[in-house]
Amino acid sequence: MADVSCDGCGEEVGTALSRTVSLAVDGSEVDSQTLCPGCFADWIERYEHRMRPDPAPSVEGIDFVE
């Protein structure tokens, strides 16, 4: 089993444990990262946080509904 370096922390990680995250726009690869399990978990957490919708605005505790 070959070892690779994690693009997040630089630690060596076995290929069986590494995860590759690829970003493509209109079919063209923009970015690709090989991550260890810990950095992959951090990446997922950041992704989920950024993709979470903002809370609906409210005035004096009254939520607006569209």
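Check the entry above for the structure.
Below is a summary of the structure that appears in this document. Keep in mind it's a predicted model, so treat the numbers as computed, not measured. (Residues numbered from 1 in each chain as written. Predicted model: local features only at pLDDT ≥ 70, side-chain atom pairs only at ≥ 80, totals over all residues. Heavy atoms only, no water.)

Let us look at the packing of aromatic side chains. Think of a pair of aromatic rings as described by two things: how far the centres are apart, and how the planes are tilted against each other in angle. The tally for this structure, following the rule as stated, stands at two aromatic pairs. Ring centres of Phe40 and Trp43 lie 6.4 Å apart, and the angle between their planes is 10°; this geometry places the pair in the stacked category. Here Phe40 pairs with Trp43, and both are found in helix H1 (residues 37-51), just three residues apart, close to one helical turn. Between the aromatic rings of Trp43 and Tyr47, the centroid separation amounts to 5.6 Å while the plane-to-plane angle is 10°, which identifies the pairing as stacked. With Trp43 and Tyr47 both in helix H1 and four residues apart, this pair spans about one turn of that helix. On the basis of relative accessible area, Trp43 is assigned to the partly exposed category, the value being 24%. Take Tyr47: its relative accessible area is 45%, and that puts it in the partly exposed class. (Phe/Tyr/Trp six-rings, centres within 6.5 Å; stacked < 30°, edge-to-face > 60°. Helix = DSSP H or I, 4+ residues; strand = E, 2+ residues; numbered from the N terminus. Buried < 20%, exposed > 50% of the residue type's maximum accessible area, 1.4 Å probe, protein only.)

This part covers the pairing of strand E3 (residues 19-25). With seven bridges joining them, E3 and strand E4 (residues 28-35) adopt antiparallel strand pairing. Of the residues in E4, the one forming a bridge with Thr20 is Thr34. Between the end of E3 and the start of E4, which pair antiparallel, lie two residues, with Asp26 showing a positive phi angle near 50°. (Pairing = 2+ DSSP bridges.)

Together, Leu23, Val25 and Val30 make up a nonpolar patch on the protein surface, roughly 270 Å² of accessible area in all. In this fold, Leu23 is placed in strand E3. Among the residues examined, Leu23 registers a relative accessible area of 47% and is labelled partly exposed. (Patch = residues over 30% accessible without salt bridge, like charges linked within 9 Å, V, L, I, M, F, W, Y side chains within 5 Å. Areas by Shrake-Rupley, 256 points an atom, 1.4 Å probe, with all protein chains shown as cover. Salt bridge = Lys/Arg side-chain N within 4 Å of Asp/Glu carboxyl O.)

Shape descriptors only; they carry no functional weight alone.
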